[in-house]
Amino acid sequence: MTLPSIKLLVDALMEPVSVTCLSMQQWDLLIRQGRKADMLARIAANCQAAGLMEQLPEQPRRHLESAANLALRQQRELRWEVQLIEEAMARTGVAVVLLKGAAYAMGGLAAARGRMMSDIDILVPRDALPEVESALMMRGWVSEAKSAYDQRYYRTWMHELPPMRHFQRGTVIDVHHAIVPISSRSHPSSHSLLASARPVHADSAVKSLAPPDMLLHSASHLFHEGELDQGFRGIVDIDSLLREFDGQDAFWQTLVPRAIELELVRPLFYALRYAALMFATPMPAAVIKTIRSASGAPTSPAHLAVMDALFLRALRPTHASTSDGWTPLARWLLYLRGHWLRMPPWLLIQHLGRKLVVRARAQDA
């Protein structure tokens, strides 16, 4: 079955000038797809950077400007929240190492252009968790996990504390001590990640992961944990990071060896594969050859055909115009795959069984 085209959305992201030739019907579809993909603000930012906004029809321009204003406000709020987190952490002596969107925004990376920010992710040493959690609680952040099971599940098996929400401002912090769950089959070294972290800019005490690690974390979040609700945004992030780091010294030379060291070869393989297939992301042929031959990379043509059928559906926006009859099945299978990678079989059965019981009780209620 042929997949519906997403060329309209991809062109708007990669070649902003393409939107100046759209009909109102095409604009209507682009706005709907862009909203589902959380990409309207990014399209707006690209158009603004290219000096195209004044050339756009009034109605779609209003949608884009509204999304762009919301993204700017969220990023202003994020900078304020990062400052407050840094102040809260000051007495612990633990450095604030930002992850994902917060790192992109504070580092001024292109991946932050028009990006919505729903929460703030930080990485700290596991042995510092009690002190970090206490310091944040003293400043008003409280755990959102209410049940004893959820608390035990996060603290025993996961790579983060239960999300912490500020009781006044409502902002959410995810405190990570690793980039994949403890129960996963791979175990990237958090000590190595933290040791390689660097300031987000020259005069800042706030840090982010080194460029190869940042890319690998984005890849693991998307292709190991199975977090596909914002899968399109995730693969756009990966494309943007690859393009930005392309000119940095030794990025490509260190990327695959770093993936091998951190046991993240397979997520990197899929990240490079689907960035190239969906956005024609430029990357050195030597890197592609190296990752294909690395231990842990999928090599079977049949296996790749199945994964392509799944990921090339699940990484699209969750909109009827970008889906086909197989898309729900693809998303469900990848949901199961993500849990399989995150947990041993006995824990997976227990966890999914409990979720089914809780869901059934909620429906009865």
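If you're wondering where the values come from, they're calculated on a predicted model, not measured in any experiment. (Residues numbered from 1 in each chain as written. Predicted model: local features only at pLDDT ≥ 70, side-chain atom pairs only at ≥ 80, totals over all residues. Heavy atoms only, no water.)

Some remarks on the overall build of the protein chain
What counts, and what does not: Counting from the N terminus, the helices are the DSSP runs of H or I reaching at least four residues and the strands are the DSSP runs of E reaching at least two. Radius of gyration means the value over C-alpha atoms here, while the globule rule gives 2.2 Å times the residue count to the 0.38 power. Here the term buried applies to any residue with accessible area under 20% of the maximum for its type, exposed to any over 50%, and partly exposed to those in between, with areas from a 1.4 Å probe on protein chains only. Residue contacts follow a heavy-atom distance rule, with two residues in contact if any of their heavy atoms lie within 4.5 Å. Here, Shrake-Rupley sampling with a 1.4 Å probe gives the accessible areas, and only protein chains in the shown set may cover a residue. His is not counted, nor are the chain ends; Lys and Arg add positive charge and Asp and Glu add negative charge. Think of each charge as sitting on NZ of Lys, CZ of Arg, CG of Asp or CD of Glu.
For the protein chain, the helix and strand inventory stands at 16 helices and seven strands. For the protein chain, the C-alpha radius of gyration of 21 Å lies close to 21 Å, the compact-globule estimate for 365 residues. Along the three orthogonal principal directions, the C-alpha set of the protein chain runs to about 55 × 55 × 45 Å. In the protein chain, buried positions account for 53% of the 365 residues. Across the protein chain, the fraction of contacts at a sequence separation of at least 24, relative to all contacts at a separation of at least 6, is 69%. For the protein chain, the accessible surface area stands at approximately 17,000 Å², while carbon and sulfur atoms represent 56% of it. Here the protein chain carries 40 positive and 35 negative side-chain charges, and the mean point of each set is 5 Å from the other.

Regarding the nonpolar core
Our working rule: Here the nonpolar core consists of buried residues drawn from Ala, Val, Leu, Ile, Met, Phe, Trp, Tyr and Cys, with membership extended through side-chain atoms lying within 4.5 Å.
Counting 111 residues, the largest nonpolar core has Leu98, Val175, Phe223 and Phe232 as its most contacted members. In contact with Phe223, other than residues within four places in its own chain, are Ile235, Ile238, Pro267, Tyr270, Ala271, Tyr274, Phe311, Leu315, Arg337 and Leu341.

Overview of the sheet that holds strand 2 (residues 120-123)
Operational definition: Whether two strands pair comes down to DSSP finding at least two bridges between them. Throughout, an axis means a line fitted to C-alpha atoms (over the contacting stretch in the case of helices), and angles, computed between N-to-C directions, take values from 0 to 180 degrees.
With respect to topology, seven strands assemble into an open sheet ordered 3-4-5-2-1-7-6, the strand pairing being mixed. Looking at strand neighbours, the two that pair on one side only are strand 3 (141-143) and strand 6 (198-199), the edges of this open sheet. Bridge analysis of strand 1 (residues 97-99) against strand 7 (residues 207-208) gives two bridges, and the strand direction is parallel. Across the sheet, residue Val97 finds its bridge partner in strand 7, namely Lys207. On top of the sheet, helix 4 (residues 58-89) reaches strand 1, strand 2, strand 3 and strand 5 (172-176); it is set at about 35° to strand 2, its chief contact.

Focus: the packing of helix 14 (residues 301-314) against helix 15 (residues 327-342)
For clarity, the threshold we go by: Note on terminology: angles under 35 degrees are roughly parallel, angles over 145 are roughly antiparallel, angles of 65 to 115 are roughly perpendicular, and the others are oblique. By the convention adopted, Pro, Cys, Tyr, Trp, Phe, Met, Ile, Leu, Val and Ala count as nonpolar, Lys, Arg, Asp and Glu as charged, and the other residues, Gly among them, as polar.
Across the interface, helix 14 lies against helix 15 with an axial gap of 8 Å and an inter-helix angle of 105°. Here helix 15 runs roughly perpendicular to helix 14, going by the angle between their axes. Counted together, Met307, Ala309, Leu310, Phe311, Arg313 and Ala314 of helix 14 and Thr327, Ala330, Arg331, Leu333, Leu334 and Arg337 of helix 15 form the full contact between these two elements. Residue classes in the contact of helix 14 with helix 15 are distributed as eight nonpolar, one polar and three charged.

With respect to the state of the cysteines
Stated precisely, the cut-off is as follows: Counting rule for disulfides: a pair of cysteine sulfur atoms within 2.5 Å.
For the structure on display, the rule yields zero disulfides. Free cysteine: Cys21, not disulfide-bonded; nearest cysteine sulfur from Cys47 at 12 Å.

A short note on the pattern of salt bridges
Keep this limit in mind: Salt bridge, as used here: a side-chain nitrogen of Lys or Arg that lies within 4 Å of a carboxyl oxygen of Asp or Glu.
Tallying each qualifying case throughout the model produces 17 salt bridges. The partner of Arg258 in a salt bridge is Asp213, with the nearest N and O atoms 2.6 Å apart. Of this pair, Arg258 sits in helix 11 (residues 251-261) while Asp213 sits in helix 9 (residues 211-223), and the two are 45 residues apart along the sequence. Across the pair, Asp213 and Arg258 agree in class, each one buried. Salt bridges sharing common partners tie together Asp213, Arg258 and Glu261.

Focus: the pairing of strand 2
Burial along strand 2 is two-sided: Ile120 and Ile122 and Asp121 and Leu123, pointing in opposite directions, are all buried. As judged from the four bridges shared by strand 2 and strand 5, these two strands associate in the parallel manner. The residue of strand 5 that forms the bridge with Leu123 is His176.

Thoughts on the packing of aromatic side chains
This is how it is decided: Working definition: a ring pair exists when centres of Phe, Tyr or Trp rings (six-membered ring for Trp) sit within 6.5 Å. Plane angles under 30 degrees give stacked, over 60 give edge-to-face, the rest tilted. Charge-over-ring placement is defined geometrically: NZ (Lys) or CZ (Arg) within 6 Å of the ring centre, and within 35 degrees of the ring normal.
Here the structure, examined in full by the defined rule, presents 10 aromatic pairs. Taken together, a centroid distance of 5.4 Å and an interplanar angle of 45° make the contact between Tyr274 and Phe311 tilted. Of this pair, Tyr274 sits in helix 12 (residues 265-279) while Phe311 sits in helix 14; the two residues are 37 residues apart in sequence, bridging distant segments of the chain. For the pair shown, Tyr274 and Phe311 are each scored as buried. Here the aromatic residues Phe223, Phe269, Tyr270, Tyr274 and Phe311 are joined through ring pairs into a cluster of three or more. Residue placement shows Arg185 over the ring face of Trp340; its charged tip is 4.6 Å from the ring centre.

As for a nonpolar patch on the surface
The criterion, for reference: Patch definition: residues with relative accessible area over 30% and no salt bridge; like charges joined within 9 Å; nonpolar side chains (Val, Leu, Ile, Met, Phe, Trp, Tyr) joined within 5 Å.
On the surface, Trp326, Leu329, Trp332, Leu333 and Tyr335 cluster together into a nonpolar patch covering about 500 Å² of accessible area. Within the fold, Trp326 resides in the loop between helix 14 and helix 15.

Here we look at the side chain of Arg233
One can find Arg233 in helix 10 (residues 231-245). Residue classification places Arg233 among the buried positions, given a relative accessible area of 14%. If we skip the residues at most four places from it in the chain, Arg233 touches Ala37, Asp38, Met39, Arg115 and Met116.

Some thoughts on the packing of helix 1 (residues 7-14) against helix 3 (residues 40-49)
A packed helix pair is summarised by two numbers, namely the angle formed by the two axes and the spacing between the axes. Two numbers describe how helix 1 lies on helix 3: the axes approach to 8 Å, and their chain directions differ by 45°. Comparing their axes, helix 3 and helix 1 come out oblique. Of the residues in helix 3, those in contact with Leu9, Ala12 and Leu13 of helix 1 are Arg42, Ile43 and Asn46. Of the residues contributing to the contact of helix 1 with helix 3, the split by class is four nonpolar, one polar and one charged.

A closer look at helix 15
Here is the rule we go by: Multiplying 1.5 Å by the residue count of a helix minus one yields the expected span of that helix.
Given a rise of 1.5 Å per residue, 16 residues ought to cover 22 Å, and the 23 Å separating the end C-alpha atoms of helix 15 matches this to within 8%. Every buried residue belonging to helix 15 is among Thr327, Ala330, Arg331, Leu334, Arg337, Gly338, His339 and Arg342, and all of these are buried.

Quick word on helix 9
In this model helix 9 runs 18 Å from its N-terminal to its C-terminal C-alpha over 13 residues, within 8% of the 18 Å that 1.5 Å per residue would give. With 12 of 13 residues buried, helix 9 is to be regarded as a mostly interior element. Regarding helix 9, the residues found buried are Pro211, Pro212, Asp213, Met214, Leu215, Leu216, His217, Ser218, Ala219, Ser220, Leu222 and Phe223.

No statement about biological role is implied by the geometric values presented.
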